[in-house]
Amino acid sequence: MDMEFLKIEKKDGRIFCPWRVFFIVLWKTGLLFAFFSISYAGDVGQIVGVEWDMASLSPVLKRIDLDGKPVSYDVAWFNAHPVWGEIKRCLLTRDAPPIFGKNARGDGLDLSGAKGDVMVRMPKFYVKVETEGDVIRWWISPFPHEGFEIHPMFLQRGGAPSDVYVSAYKAGLNVTSDGILKLYSGTGVRPYVGNDVVEFDFVNGSREFKLGETVTGKKSGMAGVVQGYFVGEGGWRQLNASGKVYLCKCSTKVGFKNGVAPFTVGSLATGRLSRASGVIGGVVVESGAWKNGDAAGHLVLCGGNDQCFNASDVENLLDDGSPPGAAKVATRGTVIADFNNREEILGSDGRECCVVASEKGRIITSDQNVMREKAGNIGPGCGLMNIWTHRGIKLLFFIEYSTLDSQHALGKGIVEFKSLYAFRHAQALPSGANNADKNIGENGSGMGEGENGKTPVVYRGMENLWGNVYEWVDGIEALDTEYRIIRPDGLGKFRNPMLPGDCKASKAVPIKGDAVKRYARGHASAIETKEEFLRLLFIPSQIKGSATFGMCDCLTGHFANSVGNMAVSGDWTFCANSGINFQIMSIPYLHDNFNVGCRFEILLDRKNPMPQ
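This structure is a prediction, so every number in the text was calculated from the model and none was measured.

**Student:** Can you help me understand the sheet that holds strand β30 (residues 462–463) in this one?
**Tutor:** The strands that make up a sheet are held in pairs by hydrogen bonds between backbone atoms, and each pair lies either parallel or antiparallel. The sheet built from 3 strands is open, its strands ordered β28-β29-β30 with antiparallel pairing. Edge strands, defined here as strands with exactly one partner in the open sheet, are β28 (446–447) and β30. When strand β29 (residues 457–459) meets β30, the two strands line up antiparallel, connected through 2 bridges. Bridge pairing links Val458 to Glu463 in β30. The sheet strands contacting helix α5 (residues 387–401) are β29 and β30, and the helix crosses β29 at an angle near 95°.

This is the structure we're talking about:
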């Protein structure tokens, strides 16, 4: 034996022993096998999975170890696990590594988004799946192990294993200092959805806007929540800032006619037949006069009680002013109340911000392509949350809670509000509503304060994975004969429609409607398992369940003779139909509606751990 490689050296006054010496000593003394056995056994104990017997229709999963034997772990075990225990909120910016708080909840961080997007780090893990008849088993390992492979969520957007960061909240809309619109994640933010964000030009700016504040037209009473703003010329100190401001609409026109008594700004208007109500922000008379009993125009209403006005001669519209205003309802409500041209815009503190330079705002569209573009504007490696990431999060949830019924395991979510469809704008709660950021546990899971069903639910730092508004999920299309899934190796490009080189086609035929009923809807009860790449995607194959059996959540299949894209979560009205397994495949990528938003992800190469 060449003993040179065992040579012990002296460097800088210290004895240096090559690693080979340590290896040989363990081998010669018989301790090598024991050393690796102890290390290996400790790692294997961190491998955990679940088993589901689809034939039983029970949502209960059996938690198992590597050998398929039943195991029982408590919350503390998962909090200390190298995967679940390292799922943490952090701040991510373009010019610095992630900043973490005191715990997974994010204590100590500025969660507003002002100092960086609030993201949730997803530690890398490996997966294994096997089937046996109607029984399917999934495992997660924090390290490479025989029979396991890295989960495809960590390979997307390039194919190299990357760190994955998911937005802690449903995305809001912001604008960069050079006027580019992008998504961002922060608390107190209304989700960016279709037909809800309006761009207005402003001039003579004298007080800088605050993100999330409500601004109001002094004459019109039109109100909106500031999502972002851009100064193109001038400055606030010089009282001549001009540019664009982006507002979420929160006020609505309700037309009136046959007005006999003036309404009062600030009072509560109520439809006596419908019992619908809202606070009056502005009164605009377009024709006639109160004294003649024929005043006609519109009220600008903010808030409401989830009821719709009746456009009818028998619907009396009154307010609680002194004396009360009185008229008939002419229109139930429209998309937006407009500013008056050149009127003053007041901030939340009542001070003048600027003068609006245009009466009608420009709607910012939000179909899947547009949202994907705005996610990409954050930087390289950024995009909408894709199907592999969403399914990876679901698998983590299933194993931790050993159930498919998320609403009973963690909370209903924001799903039990009525819908004011006549008003046609988002009624979603802002992120972090009901003190959700503080009311959840230190591990990042829990609910906000208030009634279950009307308060946010948070899983490991990710708020509203179900409820509040829909979320686009990128990288999946449903056709009459096949699903097209973004390539698991990460070498596909996200776009609509996907090209053959971007995706993998299934042999499984999607659930769909027919010539009579264009779509199929029901509660998912089984998933596709015959194709290996589908076993991680939880694609429903049957809809024979209910809110308490099977997968417990509703599936809407795609329209026949069309291409459908995926949205998950459900909105504020979906009640027991919602949950982590809720999905709809019937909406085209050009869909642009006031209850469909998104969540974004950032994949960072370990060699270059920040967007540039």
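**Student:** Looking at this model, I keep getting lost on the environment of Thr216. Mind explaining?
**Tutor:** Locating Thr216 in the fold gives a position in strand β15 (residues 214–217). What makes Thr216 partly exposed here is its relative accessible area of 26%. Along the backbone, Thr216 and Ser251 are 35 residues apart, and their C-alpha atoms lie at a distance of 9.5 Å. With sequence-adjacent residues up to four places away left out, Thr216 is seen in contact with Gly221, Met222, Ala223, Phe339, Glu344, Ile345 and Leu346.

**Student:** Even after reading the chapter, I still don't get the pairing of strand β18 (residues 251–261), so can you show me in this structure?
**Tutor:** Every other side chain in a regular strand lies on the same face of the sheet, so the side chains alternate between the two faces. The pairing of β18 with strand β21 (residues 295–302) spans 7 bridges and is classified as antiparallel. Residue pairing for β21: Phe256 is matched across the bridge by Gly297.

**Student:** What should I look at first to understand the pairing of strand β16 (residues 223–233) in this one?
**Tutor:** Judged from the 3 bridges that link them, β15 and β16 form a sheet pairing that is antiparallel. Among the inter-strand pairings, Thr214 is bridged to a residue of β16, identified as Val225. What sits between β15 and β16 in their antiparallel hairpin is a turn of 5 residues, with Gly221 showing a positive phi close to 80°. In this structure, β16 lies alongside strand β17 (residues 241–249), joined through 8 bridges in antiparallel fashion.

**Student:** What exactly am I supposed to notice about the nonpolar core here?
**Tutor:** Burial of nonpolar side chains together is a common tendency in soluble globular proteins. Counting 77 residues, the largest nonpolar core has Trp84 and Met122 as its most contacted members. When residues in this core are grouped by element, the largest group, 8 residues, is from α5. In this structure, Trp84 is in contact with Val48, Phe78, Ile140, Leu396, Ile399, Glu400, Tyr459 and Arg460, ignoring residues within four places of it in sequence. In this structure, Tyr192, Cys248, Val370 and Met371 belong to the second largest nonpolar core, which totals 36 residues.

**Student:** Looking at this structure, how should I read the sheet that holds strand β19 (residues 268–271)?
**Tutor:** Strand order in the closed barrel made by the 6 strands is β18-β21-β20-β19-β22-β23, with antiparallel pairing throughout. Neighbouring strand axes in the sheet, compared pairwise and without regard to direction, differ in orientation by 45° on average. Taken together, the 3 bridges between β19 and strand β22 (residues 316–319) define a ladder with antiparallel strand orientation. Opposite Thr270, over in β22, you have Leu318 as the bridge partner.

**Student:** Honestly, the side chain of Glu477 in this entry has me stumped. Any pointers?
**Tutor:** Along the chain, Glu477 turns up in strand β31 (residues 470–478). Arg484 provides the closest opposite charge to the buried, salt-bridge-free Glu477, at an N-O distance of 4.4 Å. There is a polar contact of 3.0 Å between the side chain of Glu477 and the backbone nitrogen of Met498. Setting aside anything within four residues of it in sequence, one finds Glu477 in contact with Glu482, Tyr483, Arg484, Arg495, Asn496, Pro497, Met498, Val563, Gly564, Asn565 and Met585.

**Student:** How do you make sense of the packing of aromatic side chains when you look at a structure like this?
**Tutor:** Working definition: an aromatic ring pair is given by the centre-to-centre distance plus the angle between the planes. Per the counting criterion, the structure on display carries 24 aromatic pairs. Where Phe263 meets Trp290, the ring centres are 5.8 Å apart and the plane angle is 75°; that geometry is what we call edge-to-face. Placement of the pair is Phe263 in the loop between β18 and β19 and Trp290 in the loop between β20 (277–287) and β21, with a sequence separation of 27 residues. For the pair shown, Phe263 and Trp290 are each scored as buried. Ring geometry for Trp572 against Phe594: centres 6.3 Å apart, planes inclined by 40°, an arrangement best described as tilted. Highlighted residues: Trp572 in the loop between β38 (564–568) and β39 (583–587) and Phe594 in the loop between β39 and β40 (596–597), separated in sequence by 22 residues. Summarising the burial analysis for this pair, Trp572 and Phe594 share the class buried. Through successive ring pairs, a cluster of aromatic residues spans Tyr73, Trp77, Phe78 and Trp84.

**Student:** Looking at this structure, how should I read the pattern of salt bridges?
**Tutor:** Note that side chains of opposite charge can pair when their charged atoms are close. A full pass over the atoms with the stated rule returns 26 salt bridges. For Arg121, the salt bridge goes to Glu86, with nearest N and O atoms at 2.8 Å. Of this pair, Arg121 sits in strand β7 (residues 117–122) while Glu86 sits in the loop between α3 (75–80) and β5 (88–93), placing them 35 residues apart in sequence. Close ionic contact of Lys244 with Asp201 constitutes a salt bridge, the shortest N to O distance being 3.1 Å.

**Student:** Looking at this model, I keep getting lost on helix α4 (residues 368–376). Mind explaining?
**Tutor:** For an α-helix, the turn length of 3.6 residues means that residues three or four places apart are oriented alike. Buried within α4 we find Gln368, Val370, Met371, Arg372, Lys374 and Ala375. Taking the backbone nitrogen of Asn369 as reference, a side-chain oxygen 3.0 Å away marks Asp367 as the first, capping residue of α4.

**Student:** What is the right way to look at unusual backbone geometry in this model?
**Tutor:** A negative phi holds for most residues other than glycine; trans holds for most peptide bonds. Of note, the bond from Ser322 into Pro323 is cis; its omega dihedral lies within 30 degrees of zero at 0°. Of note, Pro323 is situated in the loop between β22 and β23 (326–329). Residue Pro497 follows Asn496 across a cis peptide bond; omega there is -15°. Unusually for a residue other than glycine, Asn434 sits at a positive phi of about 55°. Mapped onto the fold, Asn434 is located in the loop between α6 (406–409) and α7 (436–439). Assessed through its relative accessible area of 33%, Asn434 is described here as partly exposed.

Conventions and cut-offs
- Residues numbered from 1 in each chain as written.
- Predicted model: local features only at pLDDT ≥ 70, side-chain atom pairs only at ≥ 80, totals over all residues.
- Heavy atoms only, no water.
- Pairing = 2+ DSSP bridges.
- Helix = DSSP H or I, 4+ residues; strand = E, 2+ residues; numbered from the N terminus.
- Contact = heavy atoms within 4.5 Å.
- Axes fitted to C-alpha atoms, helices over the stretch in contact; angles between N-to-C directions.
- Buried < 20%, exposed > 50% of the residue type's maximum accessible area, 1.4 Å probe, protein only.
- Core = buried A, V, L, I, M, F, W, Y, C linked by side-chain atoms within 4.5 Å.
- Lys, Arg positive; Asp, Glu negative; His and termini not counted.
- Salt bridge = Lys/Arg side-chain N within 4 Å of Asp/Glu carboxyl O.
- Polar contact = N/O pair within 3.5 Å; in protein donor to acceptor, adjacent residues only side chain to side chain.
- Phe/Tyr/Trp six-rings, centres within 6.5 Å; stacked < 30°, edge-to-face > 60°.

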